[in-house]
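Per-entry structural report
Chain by chain, the residues:
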Amino acid sequence: MLKKISLFICIAFTAFVNAQSIAFTSATLTKGLIGNTIQVDYQYTIGTDGYIYCAIENRQQDGTFVSTVASADLNPAISGTDLTGSFFLNIPTTTLPYYSLPNGTDGVKTIYKIAIELKDSNFEYIDGDFPGDWIQLTNDTSFTGNTDSDWSKKDNWDVDVPNATTNVTIPASKNVEIYGSTGASVNTLSVDGTSTLTIFGGGSLLATDAVTGDITYKVYVNDTNWHLVSSPIVGQQYDDDWVTNNNIASGSSSNKGISTYNNAVSDATTGQWSYYQGGTTETFDTGTGYALIKDANPGISSGNFSFTGTMPTGVSPTITQGASNNWNLIGNSFPSYMDAVSYTHLR
C-alpha cells in the first residue's frame, strides 16, 4: 500500500512539473509605435519560484536572433498555477521602422517578434512563447476615430497615440480635437482638406517637421472684457464675417473690438490703440498681439475666438522703439499653450 501511495505522489508531482508553462494572454500584438510603450499580458504556472523574461527582438525569419529592441523581467516569478501579469516595453525612439530593417545573413529582411520565457531559479529554460505574428514597429499612425474625436485616446488611432517622432495622417472626413489638458506632439502631420483638426484653449500641438493642411485654434474667454491675444496659426483673416462669427463688440463710430498697439503715434481719442473699422479684410500677423473684446449687447458673456489656418514655421515679431514709448504688444505665435504667469515668474 505504501508503494502505491508513493507512486501516486511521484506521478502527481511529475505531472505538475510537466505542466509548468507560460503563454501570452494579450490580444495579438501586430503593431507598435516607436517611442511609445506596449503592454504584454501573460499567464504562467510554475512549481517553485522562478524567473520570467520578455523582449521585443529583431530576428531573421528563420528565427535566428539578431538583437534586442526592448526587454523586461520578473525576478522572482512566484510559484503558483495560472498566475497572470503584464510587462510594459518601451520602444526606443532610435528603433528602425520595420520597413527599414536590413536583410539577415539568409538574404531576407529581418523582422520584429515578441518573446517570453519562463525559467527556474537557476535560469534554466522551462518554457517559452512567441506570438504567431511578427510585430510592425513603425513611426506612422493614422486617425480612425473609432471611439470619438479625442486625439488622446489610443482607440482612435490605427497604431497608438502619436509622440514627437511620429508621422501622423488625418485622412478624409475626420473630426479631431485636442483638448485643453492634452499636449500633442508629432514629427510630421498631414490633415486632409475634408477633415478638421481643432485645438481648444490650453491645448498644444508641437511639430518637429512639416505640417500640411489647416488647423483651428479656439481661445476661450468667459467674459466681455478686453483680452490680449495673438493668432497661433498663419492666414486667419478678420472681416465683417469674422466679427459676426466671433461676437466681436462694436464701439463708437465704426470701431470694432479688434485693435493693435502703436507706440509711435498717439491718437487724440484712442491713444496708442488702432481699431478695426469694418468693411475691409485684414490678416492677423504672426507674432503680433491684438486686443479683442466680445459684444455684451446680445448677452454673449463667453465663447471662443477662433483662428483657422496653417501651422507657423517661424516667427519674427517686429519690436520697435516708438516716438511715444517703447512698449510692444507681441504674443505666442504657435498653437502650443504657455502659462503666461508661470513664464513671467521663471523669467
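Look a little higher up for the structure.
Residues numbered from 1 in each chain as written. Predicted model: local features only at pLDDT ≥ 70, side-chain atom pairs only at ≥ 80, totals over all residues. Heavy atoms only, no water.

This part covers the sheet that holds strand S3 (residues 37-46). Spatially, three strands are ordered S1-S3-S6 in an open sheet, and the strand pairing comes out antiparallel. Single-partner strands in this sheet number two, and they are strand S1 (21-24) and strand S6 (80-90). The sheet shows a mean angle of 25° between the axes of neighbouring strands, direction not considered. Sheet topology places S3 next to S6; nine bridges connect them, and they run antiparallel. Paired with Gln39 across the strands is Phe88, a residue of S6. (Pairing = 2+ DSSP bridges. Helix = DSSP H or I, 4+ residues; strand = E, 2+ residues; numbered from the N terminus. Axes fitted to C-alpha atoms, helices over the stretch in contact; angles between N-to-C directions.)

The next point concerns the pattern of salt bridges. Enumeration over the complete set of coordinates arrives at three salt bridges. With a shortest N-O distance of 3.6 Å, Glu117 and Lys119 are connected by a salt bridge. Where Asp148 meets Lys153, a salt bridge forms, and the shortest distance between an N and an O atom there is 2.5 Å. Residue Asp148 is classed as partly exposed on the basis of its relative accessible area of 29%. (Salt bridge = Lys/Arg side-chain N within 4 Å of Asp/Glu carboxyl O. Buried < 20%, exposed > 50% of the residue type's maximum accessible area, 1.4 Å probe, protein only.)

It is worth spelling out the nonpolar core at this point. Core analysis: the biggest nonpolar cluster contains 33 residues, and Trp151, Leu189, Leu197, Leu205 and Ile258 have the highest contact counts within it. Counting residues per element, this core draws most heavily on strand S18 (residues 215-221), which supplies three residues. Look past the residues within four positions of Leu197 in its chain and what remains in contact with it is Trp151, Ile170, Val176, Ile178, Leu189, Val191, Leu205, Asp214, Ile215 and Thr216. Ranked by size, the runner-up nonpolar core spans 25 residues in total, among them Ile46, Cys54, Val69 and Leu137. (Core = buried A, V, L, I, M, F, W, Y, C linked by side-chain atoms within 4.5 Å. Contact = heavy atoms within 4.5 Å.)

Read across the open sheet, the four strands follow the order S10-S11-S14-S17; overall the sheet is parallel. Of all the strands in the sheet, the pair left with one neighbour each is strand S10 (140-142) and strand S17 (211-212). Here strand S11 (residues 167-170) runs beside strand S14 (residues 188-191); their pairing, made up of four bridges, is parallel. Within S14, the position partnered with Asn167 by the bridge is Thr188.

Moving on to the side chain of Asn58. Mapped onto the secondary structure, Asn58 falls in strand S4 (residues 50-59). Side chain to side chain, Asn58 and Thr110 meet in a polar contact 3.1 Å long. For Asn58, the side chain forms a polar contact with the main-chain oxygen of Ile111, separated by 2.9 Å. Apart from the residues lying within four places of it in its own chain, the contact partners of Asn58 are Phe65, Val66, Ser67, Val69, Leu101, Thr110, Ile111 and Tyr112. (Polar contact = N/O pair within 3.5 Å; in protein donor to acceptor, adjacent residues only side chain to side chain.)

A few words now on the environment of Phe334. Relative to the helices and strands, Phe334 is located in the loop between strand S25 (303-309) and helix H3 (340-346). Under the relative-accessibility criterion, Phe334 is labelled partly exposed at 28%. If we ignore the near neighbours within four places in the chain, the residues touching Phe334 are Pro232, Pro312, Gly314 and Val315.

Okay, the packing of aromatic side chains next. Tallying each qualifying case throughout the model produces 17 aromatic pairs. Relative to Trp157, the ring of Phe143 has its centre 5.0 Å away and its plane inclined at 85°; by these criteria the two rings are edge-to-face. Taken together, the residues span a long stretch of sequence, with Phe143 in the loop between S10 and S11 and Trp157 in the loop between S10 and S11 at a distance of 14 residues. On the accessibility criterion, Phe143 (1% relative accessible area) is buried. Accessibility expressed as a relative area gives 4% for Trp157, which makes it buried. Ring geometry for Tyr179 versus Phe200: centroids 5.9 Å apart, planes at 20°, classification stacked. (Phe/Tyr/Trp six-rings, centres within 6.5 Å; stacked < 30°, edge-to-face > 60°.)

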